Amino acid sequence: MPLAATRTVAKAQNGVGAFVLQCKRLEFHYCNWWGSSKGMNAFIKSSLPSFAQRNPSVEFSVSPRPRKHPVIIAHYINGATRSICVKNLQNEGVREKAEALRDSNGEKNKRLGKPVTSINESVRGIWSPFHGAKIQI
């Protein structure tokens, strides 16, 4: 009786197996004339080619946007979109914002409560200033 392999496709689970970058496209919008776009223009001319080579899984798009402040827009695989205005930032500041958008997952920022959540009460109980040695009031 011959053995036959089942034909299945592995289900992608981020962190298990291969890592899938959540950002799929970065759009850079700039203006040629406004002073607030100087840093974006410098980034596009000098740093963007090397940044794009280091991130081959991300699609890059550069387009002019006359009479507007420079913006970086990120599109994610979950359908979310995030944008950051980079007016008056220098070349390095624009690079940092682009890396932040590339590394995020597109979800809204969540406020974290306590660092550890538990359904059990503390073993020691709740502290009170009246615990310990007998205090005369």
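Here the structure is shown first, and the text comes after it.
In what follows, the accompanying structure is described. (Residues numbered from 1 in each chain as written. Predicted model: local features only at pLDDT ≥ 70, side-chain atom pairs only at ≥ 80, totals over all residues. Heavy atoms only, no water.)

Our next topic: the sheet that holds strand β2 (residues 59-64). Spatial ordering of the open sheet is given by β2-β1-β3-β4, a layout of 4 strands whose pairing is mixed. Sheet topology places β2 and β4 (81-85) at the edges, where each strand pairs with a single neighbour. The average undirected angle you get between the axes of adjacent strands in this sheet is 15°. Inspection of the sheet shows strand β1 (residues 23-30) paired to strand β3 (residues 71-76) by 6 bridges, in the antiparallel sense. Counterpart to R25 in the pairing with β3 is H75. (Pairing = 2+ DSSP bridges. Helix = DSSP H or I, 4+ residues; strand = E, 2+ residues; numbered from the N terminus. Axes fitted to C-alpha atoms, helices over the stretch in contact; angles between N-to-C directions.)

In this section: the pattern of salt bridges. Under the defined criterion, the tally for this structure stands at 5 salt bridges. A salt bridge links R95 to E99; the nearest nitrogen and oxygen atoms lie 2.9 Å apart. One end of the pair, R95, and the other, E99, are both in helix α2 (residues 91-103), 4 residues apart, so they sit about a helical turn from each other. The exposure class of E99 is partly exposed, given its relative accessible area of 21%. Residues participating in the shared-partner salt-bridge network are E92, R95 and E99. (Salt bridge = Lys/Arg side-chain N within 4 Å of Asp/Glu carboxyl O. Buried < 20%, exposed > 50% of the residue type's maximum accessible area, 1.4 Å probe, protein only.)

Before going further, it helps to examine the nonpolar core. In terms of nonpolar packing, the biggest core is built from 18 residues, with L26, F28, M40 and I72 touching the most fellow members. If one sorts the elements of this core by residue count, helix α1 (residues 38-54) sits on top with 5 residues. (Core = buried A, V, L, I, M, F, W, Y, C linked by side-chain atoms within 4.5 Å.)

Here we come to the environment of V58. With respect to the helices and strands, the residue V58 is situated in the loop between α1 and β2. Residues V58 and R25, 33 residues apart in the sequence, show an inter-C-alpha distance of 5.3 Å. Setting aside its immediate chain neighbours within four residues, V58 contacts L21, C23, K24, R25, L26 and R102. (Contact = heavy atoms within 4.5 Å.)

This part takes up the pairing of β3. Of all 6 residues that make up β3, 6 are buried, and the element is covered over most of its length. Along β3, one buried face is formed by V71, I73 and H75 and the opposite face, lined by I72, A74 and Y76, is buried too. Across 5 bridges, the pairing between β3 and β4 is antiparallel. Each residue of the ladder has a partner; that of V71, found in β4, is C85. Hairpin geometry of β3 and β4 is characterised by an intervening segment of 4 residues between the two adjacent antiparallel strands and by a positive phi of about 95° at G79.

Among the structural elements, W34 can be located in the loop between β1 and α1. Judged by relative accessible area, which is 35%, W34 ranks as partly exposed. Considered as a pair, W34 and K87 are 53 residues apart in the sequence and their alpha carbons are 9.7 Å apart. Leave out the neighbours within four places in its chain, and W34 touches R67, K68 and H69.

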